[in-house]
Amino acid sequence: MITLVAVAVVAVLIAAYVVFLTNGPTPYRPVASGTGASRSVDLTLQTVAAIGPKLSPNESWVSYLVRENGVWHRSTVWTLPAHSLVHVTVYQFDGDSGLRNPFLSKARGIVGGTFTVNGKPMSMINPDDASHTFAIPELGLIVPLLGVADDAKNQCDYAPCSMSNAHNTITFTFRTGAKGHYRWQCFVPCAAGFVYGFGGPMQTIGYMDGFVNVV
Amino acid sequence: MSSRPTSAPRGGHALRIALLTVVLTLITLPLVIWVLGPNMPPGKGTDVAKAQVFDNTVLLVVMTPITMFILGYLVYTLIVFRAGKADPTEDGAPIRGNMRLQVAWLVVTTVAVLFLAAFGTVELLSNNGSGGGQGPSPIAKPDGGALPVQVIAQQWQFTYRYPTYGGVETAQLELPVNRQIVFHVTSLDAIHSFWAYQLGVKADANPGVDNVAYVKPKTVRTFQIRCAELCGLWHGYMFDTGRVVSGGDFASWIRRQQTEFRDVTKVLPPYATTYNPDPPGRAG
C-alpha cells in the first residue's frame, strides 16, 4: 500500500514538472492588419539597463520589454503571422556596451536595407556604440541598437522607463517568412557582472532572448 | 536431469567456438565491407569525408570477427552449458593458469591495438588531419595552395571571413568545389566546435586559438553546420547550412559579399588568426 502511494506521488510530481516545462507564459500576439502580402503587425519594444523590482526578482538584469495594450510587459515570446511585415519600434534606454564582433554592426534582413535612429535612416552604426541587437539568425535578421550617450541627462534607472527619459527610437521592418519557431537574441555582451557579459539575462528567456512563433 | 554436458566433445568446446566464429565472420564480413561500409557517415562529399568512411569501414572490419566471437561464444554457452532445472545453483570450477588462453588473449589484443594505432596515424597524416582541427601548426598539410576561410564562433552564431578577398566577413559559408580549403577556426567568447557534417570537418573553436583543418569538397552540394560543443542557451540553435558551389558561382557570390559588406569591412579589425575583442562588454 505504501509503495502504491509512493508511486502515485512520484507520478503526480513528474506530471506537474512536465506541465510546468511545457506551459510557459502566454506569447504576446499583436493584432494583424491587412491581408495577403500587405498583412502587417506592429511590435513595440523597449530595452532597459535594469528591469527593476516591479517586473522581475532579478531587478538588476538588463532586459527587453514589449508593449501590449499600452502596458509594458517583460515577455520575449511573441506570435507573429507568417509571410507578413512586422513594423518594429524599439525605445532604446540603455547605454552602449560595444559589439564583440563588429560585423554585426551592419543591419541585415530588413525591408529596404535601412533602419532609422531618431528618424535618421542608417544601415550600420559604430560597433562600439551598440547597446544591443535585435537578431533572428534563422531569418537572417539583425539590427544594431544605438546606445544612449554616457553623458545624456535624465537616464532611466530601471524599467518601465518613460518617454521623458533619455532614449533612442529605432524603427525597422522585416518580413516573417514561413511558419516556424525561431529564437531571437541580443549579440551584445550586455549582462553586467557575468562572465564575458553573456550570463544571467543573456542565458535566460524573458530578458535578452526569446522566441518568435510564426504561425 | 541435467542438460549440462558431462564431458567435452571431440576437439573440445574451443574448437567448436572457433569454427562458429569463422563461419559467422565469413557470413557477415562481406556484408560489412560491401553493404554497410559504403553507407557509413559522413558520406563521400569531400576527400576527408571519404577517408572517414574508409576508416569507419576498416574499424568495422576489425570489429567484426571480435564481435562474432563474443556473440558466438555467448550463444554457444547459452545452449550447450544451459543448466537444467534439477541442477544446483553453484559456480563452476575456477580456471587458473591456462597459458594458451592468456597468450592468445594478449597476442590478439596487442595486435589489434598496435594495428589501429599505426593505421590511425597513417590516416591522419595521409588525409591532412582527416578533417579534425590540428591546432595552429598542423603536421599534416596538403600539397599546393589552399583557400583560407576563417570560421569565427560566438554565442550563438558562426560567421566566416575570407582573407584572400579583402578580409570580407559573411554570415553564410560558401566554398568552391574541387579546391583545397584551409579552415582557421577560432572563437570570440566561449568554447564552441565547428562541425560541417557532410564535409567531414569537426574542429574546436576556442578563444585565442587558431585551429586549422583542411578539406577539399568534391561535389556541388549543401552541407549542415552545427556547433558540437555545449555553449549556452542557444547552443541547440547554433546551426546553419553551407554550400559548395562551382568556381564561377563562388566568384560571383564573393564579389556580391564584398559589395554588400564593403562598409562594415572597413570597421573590422585587420585579419588575424585570433581576436581579442575590445571592448569585452560588461563582463565583471
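Residues numbered from 1 in each chain as written. Chains lettered and ligands numbered in written order. Predicted model: local features only at pLDDT ≥ 70, side-chain atom pairs only at ≥ 80, totals over all residues.

**Let's talk about the overall build of chain B**
The number of helices and strands found in chain B is five helices and ten strands. Since a compact globule built from 284 residues should have a radius of gyration of about 19 Å, the 27 Å found for chain B marks it as more spread out than a globular shape. When its C-alpha atoms are laid out on the principal axes, chain B stretches across 90 × 45 × 30 Å. Within the span of chain B, comprising 284 residues, buried residues form 27% of the whole. (Helix = DSSP H or I, 4+ residues; strand = E, 2+ residues; numbered from the N terminus. Rg over C-alpha atoms; globule rule 2.2 N^0.38 Å. Buried ≥ 20, exposed ≤ 12 C-beta atoms within 10 Å, placed from the backbone.)

**Some remarks on the sheet that holds strand β9 (residues 221-227) of chain B**
Think of a sheet as strands paired side by side through backbone hydrogen bonds, with each pair either parallel or antiparallel. Residue and element names in this part refer to chain B. The strand order β4-β10-β9-β6-β7 describes an open sheet built from five strands, whose pairing is mixed. Every interior strand has two partners, whereas the edge strands, β4 (174-176) and β7 (201-205), have only one. Taking each pair of neighbouring strands and ignoring which way they run, the sheet shows an average axis angle of 20°. Here strand β6 (residues 192-196) runs beside β9; their pairing, made up of three bridges, is antiparallel. Looking at β9, one finds that Phe194 is bridged to Cys227. Set on the sheet, helix α4 (residues 247-260) makes contact with β4 and β10 (239-245); between it and β4 the angle comes to about 140°. (Pairing = 2+ DSSP bridges. Axes fitted to C-alpha atoms, helices over the stretch in contact; angles between N-to-C directions. Contact = placed C-beta atoms within 7 Å.)

**Some words on the sheet that holds strand β1 (residues 40-48) of chain A**
All names here are of chain A. With respect to topology, seven strands assemble into an open sheet ordered β3-β2-β1-β5-β10-β6-β7, the strand pairing being mixed. The strands lining the two open edges of the sheet, one partner per strand, are β3 (71-73) and β7 (120-122). Geometrically, the sheet is characterised by an average inter-axis angle of 30° between neighbouring strands, direction not taken into account. Inspection of the sheet shows β1 paired to strand β5 (residues 85-92) by eight bridges, in the parallel sense. Paired with Thr44 across the two strands is Thr89, which belongs to β5.

**What about the pairing of β7 of chain B?**
All names here are of chain B. The element β7 is extensively covered by neighbouring structure, given that five of its five residues are classed as buried. Alternating residues of β7 divide into Val201, Ala203 and Ala205 and Lys202 and Asp204, and every residue in both groups is buried. Judged from the five bridges that link them, β6 and β7 form a sheet pairing that is antiparallel. Note on β7: the bridge partner recorded for Trp195 is Lys202.

**Thoughts on unusual backbone geometry**
That bond from Ala159 of chain A to Pro160 of chain A is cis: its omega, -10°, falls within 30 degrees of zero. Relative to the assigned elements, Pro160 of chain A resides in the loop between β9 (141-146) and β10 (168-175). Residue Pro41 of chain B is joined to Pro42 of chain B through a cis peptide bond whose omega torsion reads 5°. Topologically, Pro42 of chain B is positioned in the loop between α1 (12-36) and α2 (47-80). With a phi angle near 60°, Tyr196 of chain A is a residue other than glycine that sits in the positive phi range. Assignment of secondary structure puts Tyr196 of chain A in the loop between β11 (180-185) and β12 (209-214). Positive phi outside glycine occurs at Asn178 of chain B, with the angle close to 55°. Within the secondary structure layout, Asn178 of chain B lies in the loop between β4 and β5 (181-187).

**What to know about the packing of α1 of chain B against α2 of chain B**
Residues and elements named next belong to chain B. The N-to-C vectors of α1 and α2 enclose an angle of 145°; their axes lie 8 Å apart at closest approach. Here the hand of the crossing between α1 and α2 comes out right-handed. On α2, the residues that touch Arg16, Ile17, Leu20, Thr21, Leu24, Thr25, Thr28, Leu29, Val32, Ile33 and Leu36 of α1 are Thr57, Leu60, Val61, Thr64, Pro65, Met68, Phe69, Gly72, Tyr73 and Tyr76. (Left-handed = near helix turned anticlockwise from the far one by under 90°.)

**A closer look at the interface of chain B and chain A**
Listed per partner, the contact involves 27 residues of chain B and 29 residues of chain A. Of all the secondary-structure elements, those providing two or more residues to the side of chain B that touches chain A are β1 (147-154), β2 (157-162) and α5 (262-265) of chain B.

**Thoughts on the environment of Leu199 of chain B**
Residue and element names in this part refer to chain B. Looking at the secondary structure, you find Leu199 in the loop between β6 and β7. With 110 residues separating them in the primary sequence, Leu199 and Thr89 have C-alpha atoms 56 Å apart. Setting aside its immediate chain neighbours within four residues, Leu199 contacts Gly45, Thr46, Ala49, Val215, Pro217 and Phe223.

**Regarding the packing of α2 of chain B against helix α3 (residues 99-126) of chain B**
Residues and elements named next belong to chain B. Interhelical geometry of α2 versus α3 gives an angle of 175° and a closest axis separation of 12 Å. The angle between the axes of α2 and α3 places the two elements in the roughly antiparallel class. Residues Ala51, Asp55, Val58 and Val62 of α2 form the contact with α3, whose own contacting residues are Ala112, Leu116, Phe119 and Glu123. Class assignment of the residues belonging to the contact of α2 with α3 gives a composition of six nonpolar, no polar and two charged. (Parallel < 35°, antiparallel > 145°, perpendicular 65-115°, else oblique. Nonpolar A, V, L, I, M, F, W, Y, C, P; charged D, E, K, R; others polar.)

**Some remarks on the environment of Asp210 of chain B**
All names here are of chain B. Relative to the assigned elements, Asp210 resides in the loop between β7 and β8 (211-215). Sequence separation of Asp210 and Arg226 is 16 residues, and the distance between their C-alpha atoms is 19 Å. Sequence-distant contacts of Asp210, that is, excluding residues within four places in its chain, are made with Pro136, His184, Thr186, Thr273 and Thr274.

**Notes on α3 of chain B**
Residue and element names in this part refer to chain B. Taking 1.5 Å as the rise per residue, α3 with 28 residues should run 40 Å; its terminal C-alpha atoms sit 40 Å apart, in good agreement. Across the 28 residues of α3, zero count as buried, placing the element largely on the outside. Looking one or two residues past α3, Asn128 carries a phi angle of roughly 55°, positive in sign. (Expected span 1.5 Å × (residues − 1).)

**Considerations on the confidence of the model for chain B**
Residue and element names in this part refer to chain B. Mean pLDDT over chain B stands at 91; residues scoring 70 or higher make up 94%. Confidence scores differ between elements of chain B, with α3 showing the lowest mean pLDDT of 93 and β4 the highest of 98. ipTM for the predicted complex: 0.88, alongside a pTM of 0.87. (pLDDT = per-residue confidence, 0-100.)

**Some words on α4 of chain B**
A rise of 1.5 Å per residue sets the reference length of α4 of chain B, with its 14 residues, at 20 Å; its end C-alpha atoms lie 20 Å apart and thus fit the reference within 8%. With respect to burial, α4 of chain B is a largely exposed element, only one of its 14 residues being buried.

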